[in-house]
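Residues per chain, in single letters:
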Amino acid sequence: MSTRTNTAVVGLGIGMAHVAGYLSSPDANLVAVADAWPERRERVGGTFDQGSMLNLRPLLDDELLSKRWEELEIRVYDDVTAVAEDPEIELVSLCTPDDTHESYGVMLLEAGKHLLLEKPVALSVAAAGRLTAAARANDRRISVGYEMRVNPAVLKIRELMGAGVVGEVRAFSLYQYRPPFRRDKWEKWIQAKKRSGGLLVEETCHWFDLARFLTGREIVQVHCVGSDRIHADFDYEDIAFVQGVFTDGSVFQIGHALTGFDYSLIVQVHGDRGAIWSGFKADPRSLLDGGQTGYMGIVSWGPVNAIQGEGSFVTFGDEAREGENIRDNVAHTVKSLRDGTPFVAEFDDGLRSLQIALAARHSLESGELVDLK
Ligand SMILES: NC(=O)c1ccc[n+]([C@@H]2O[C@H](COP(=O)([O-])OP(=O)(O)OC[C@H]3O[C@@H](n4cnc5c(N)ncnc54)[C@H](O)[C@@H]3O)[C@@H](O)[C@H]2O)c1
């Protein structure tokens with residue numbers, strides 16, 4: 001390896017947070033980007049006025065956004081194939097639609113590139129197996145885009161759990177309430193279950209991963225109900241309620257709604273000595289609390305049988321934003337690859353959360369309780 005790892009980003013939607021990660025990492029050299037969308041190839045800030053991109057604005061300053069990629073000495077390709085064929089590139093962030101992860105990922109691994117693969121890792125267990133096989137055959141590594149694992153508020157929850165604040169964990173719950181997925185994606189891929197896997201595979205996979213990450217336990221049984229009667233132009237569930245059991249018999253519940261007018265993510269850990277409550281917003285000023293607070297994330301905790309007001313809290317600012325977390329996971333991936341240390345999320349984490357999501361989807365479709373043991 002050269003002094004810096006030569007990297008590339010394929011897909012410049014959320015991939016722009018990966019660009020920010022490589023540009024800010026002392027270990028990386030961003031040598032190329034690729035996108036099929038001409039506007040995104042033209043300038044760094046190609047589609048930054050688009051709704052999907054607005055929350056990434058704080059990551060890249062206006063001067064940088066106004067530049068052409070070539071001015072930064074970054075090569076621009078119109079297809080992933082050119083990245084695979086570029087011998088200089090060692091690590092690729094693959095940020096293309098979900099249904100392309102398998103074929104593009106296998107192509108890049110076979111061309112000798114390491115991957116930072118956006119979630120979900122694939123749309124089926126068989127497809128994920130082909131990615132594992134290609135990585136193994138070519139001695140390459142795959143890091144997964146589960147950036148909540150570097151979110152400082154999440155790490156605070158983990159630290160409190162590790163310090164015994166809640167005692168033995170008996171239950172975990174998580175509720176995400178948010179507006180629908182943006183309708184400005186490439187070829188509207190996210191609106192088709194065939195291309196995105198539906199809500200459970202496309203996004204609830206994040207929350208299954210968080211449940212595993214925080215509790216350190218495996219989910220072994222799931223049941224899911226949902227409804228698909230609100231967004232007619234998305235051919236899958238608008239809202240899903242999943243509940244189930246971890247290996248040790250402790251329980252979880254996850255509610256995920258694309259039916260909101262604002263964003264909130266609530267995470268609760270219920271232990272035999274205490275509990276943790278945490279809330280995240282998409283913006284410091286939120287309609288959901290009447291604009292009364294200015295933080296991005298809050299973690300509060302208290303003992304079992306608390307009397308009112310007993311407990312503590314800590315708040316988090318921009319460092320708890322999605323874009324910043326993706327940027328930090330990118331930098332961590334480059335460093336881990338160079339040092340030979342574990343990634344924040346390994347491919348097996350991506351596979352496990354995909355299996356849970358597929359089990360939940362099967363439960364939603366069949367009404368069955370699904371065993372994952
Ligand atoms: N980790 C996270 O929190 C997070 C957040 C958002 C999206 N994602 C994931 O990132 C991926 C991309 O999502 P998005 O929201 O940026 O979608 P998007 O539609 O905005 O961007 C996808 C891009 O891929 C490009 N593309 C498609 N085929 C290509 C090809 N053959 N060669 C080069 N470029 C090609 C498209 O032109 C498009 O610009 C998805 O897998 C999604 O699930 C992850």
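Residues numbered from 1 in each chain as written. Predicted model: local features only at pLDDT ≥ 70, side-chain atom pairs only at ≥ 80, totals over all residues.

## Quick word on the confidence of the model for the chain
- When the pLDDT values of the chain are averaged, the result is 96; 99% of them are 70 or greater.
- Mean pLDDT in the chain bottoms out at helix 3 (residues 62-66), which sits at 95, and peaks at strand 4 (residues 91-94), which reaches 99. (pLDDT = per-residue confidence, 0-100. Helix = DSSP H or I, 4+ residues; strand = E, 2+ residues; numbered from the N terminus.)

## A closer look at the site of the ligand
- Around the ligand sit 28 residues in total, of which Gly 11, Gly 13, Glu 118, Lys 185 and Trp 186 are the nearest.
- In terms of residue class, the shell around the ligand is made up of eleven nonpolar, seven polar and ten charged.
- Residue assignment places the shell around the ligand across two domains, with domain 1 (5-147 + 323-345) and domain 2 (152-320 + 355-371) each supplying three or more. (Near = placed C-beta within 6 Å. Nonpolar A, V, L, I, M, F, W, Y, C, P; charged D, E, K, R; others polar. Domains from an automatic or database assignment.)

## A look at the environment of Lys 373
- Structurally, the position occupied by Lys 373 is in the segment after strand 15 (370-371).
- Through-space distance from the C-alpha of Lys 373 to that of Leu 72 is 50 Å; in sequence the pair is 301 residues apart.

## Here we look at the domain arrangement of the chain
- Entries for the chain in the domain assignment read domain 1 (5-147 + 323-345) and domain 2 (152-320 + 355-371).
- If you average the C-alpha positions of domain 1 and of domain 2, the two centres end up 26 Å apart.
- At the junction of the two partners, domain 1 supplies 16 residues and domain 2 supplies 20 residues. (Contact = placed C-beta atoms within 7 Å.)

## Considering the nonpolar core
- Counting 107 residues, the largest nonpolar core has Val 10, Val 83, Ile 157 and Ala 211 as its most contacted members.
- Both domain 1 (5-147 + 323-345) and domain 2 (152-320 + 355-371) contribute no fewer than three residues apiece to this core.
- Those residues in contact with Ala 211 that sit more than four places away from it in its chain are Phe 172, Leu 174, Ile 219, Phe 252 and Ile 254. (Core = buried A, V, L, I, M, F, W, Y, C linked by C-beta atoms within 7 Å. Buried ≥ 20, exposed ≤ 12 C-beta atoms within 10 Å, placed from the backbone.)

## Describing unusual backbone geometry
- Here the amide bond leading from Lys 119 into Pro 120 is cis, since omega sits at -15°, within 30 degrees of zero.
- Within the secondary structure layout, Pro 120 lies in the loop between strand 5 (114-117) and helix 6 (125-137).
- Positive phi is not limited to glycine here, since Glu 187 has a value of about 55°.
- Position of Glu 187 among the secondary structure elements: in the loop between strand 7 (169-177) and helix 8 (193-196).
- The backbone of Asn 305 sits at a positive phi, close to 60°, despite the residue not being glycine.

## Let's talk about the sheet that holds strand 11 (residues 264-271)
- Taken in spatial order, the nine strands make up an open sheet running 14-13-12-11-7-10-9-8-15, and their pairing is mixed. Only two strands of the sheet have a single neighbouring strand rather than two, namely strand 14 (312-316) and strand 15.
- Where strand 8 (residues 219-227) lies against strand 9 (residues 239-246), eight bridges are found, and the strand directions are antiparallel. In the strand pairing of strand 9, Ser 227 is matched with Ile 239.
- Of the strands in this sheet, strand 8, strand 9 and strand 15 touch helix 11 (residues 347-366), which is tilted by about 50° from strand 8. (Pairing = 2+ DSSP bridges. Axes fitted to C-alpha atoms, helices over the stretch in contact; angles between N-to-C directions.)

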